[in-house]
Amino acid sequence: MRRLLSLLALAMLTMTGPALADSARPPARLADTQLPDPKQEAEAQALMVTLRCLVCQGQSIADSNAEMAGDMRALVRRQISQGSTPTQVRDWLVARYGDYVTYDPPLSAATLPLWIAPIAFIAIGLALARASFKRRRRV
């Protein structure tokens, strides 16, 4: 019985995690405010579309309403307004959060399966289709 109650308590805590993920604090200053310089804002927007929200299900930080995404948008805008290039900001975020933060991971030993898998699936599909067509010709 004690074990069952422990499991039930653990399940309840696990299910309430996403509901408590965002705090009640206001969004970061530049999270939803555009930069005064249109060129800098365009650079920031272009970069934000390529960065993945770390707590969302596949959304970019430009599209996400999560608190973490707002903080990342503010960070991108702040660094670009201080003169950093989008490449420098991107490199800093990758160094801090890893390749997962970008939708276009670089080719490395760790990401090689991500790059090879689509090609392998296409090759397997073509081989299966070819075998299927050969069988039809014989019949």
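Values in this document were obtained by computation on a predicted structure and should not be read as measured data.

Caption draft 1: Summary view of the overall build of the protein chain. A tally of helices and strands in the protein chain yields 5 helices and 0 strands. Ordering the α and β elements of the protein chain from the N terminus gives α-α-α-α-α. Across the 139 residues of the protein chain, 24% fall into the buried class. Nonlocal contacts in the protein chain, meaning residues at least 24 apart in sequence, comprise 53% of its contacts between residues at least 6 apart.

Caption draft 2: Molecular detail of helix 3 (residues 67-81). The end-to-end C-alpha distance of helix 3 is 21 Å, a good match for the 21 Å that 15 residues give at a rise of 1.5 Å each. Along helix 3, 11 of the 15 residues are buried, which leaves the element largely enclosed by surrounding structure. Where helix 3 is concerned, the buried positions are Glu67, Ala69, Gly70, Met72, Arg73, Ala74, Leu75, Val76, Arg77, Gln79 and Ile80. Within two residues after helix 3, Gly83 carries a phi angle of roughly 105°, on the positive side.

Caption draft 3: Highlighting the packing of helix 2 (residues 38-49) against helix 3. Remark: helix 2 packs on helix 3, axes separated minimally by 9 Å, with the N-to-C direction vectors making an angle of 140°. Judged on the interaxial angle alone, helix 3 and helix 2 are oblique. Regarding helix 2 and helix 3, the two cross each other, and that crossing is right-handed. Residues Gln40, Glu41, Glu43, Ala44, Gln45, Leu47 and Met48 of helix 2 lie in contact with helix 3, whose contacting residues are Arg73, Val76, Arg77, Ile80 and Ser81. The residue inventory of the contact of helix 2 with helix 3, partitioned by class, reads 5 nonpolar, 3 polar and 4 charged.

About the thresholds
- Residues numbered from 1 in each chain as written.
- Predicted model: local features only at pLDDT ≥ 70, side-chain atom pairs only at ≥ 80, totals over all residues.
- Heavy atoms only, no water.
- Helix = DSSP H or I, 4+ residues; strand = E, 2+ residues; numbered from the N terminus.
- Buried < 20%, exposed > 50% of the residue type's maximum accessible area, 1.4 Å probe, protein only.
- Contact = heavy atoms within 4.5 Å.
- Expected span 1.5 Å × (residues − 1).
- Axes fitted to C-alpha atoms, helices over the stretch in contact; angles between N-to-C directions.
- Parallel < 35°, antiparallel > 145°, perpendicular 65-115°, else oblique.
- Left-handed = near helix turned anticlockwise from the far one by under 90°.
- Nonpolar A, V, L, I, M, F, W, Y, C, P; charged D, E, K, R; others polar.

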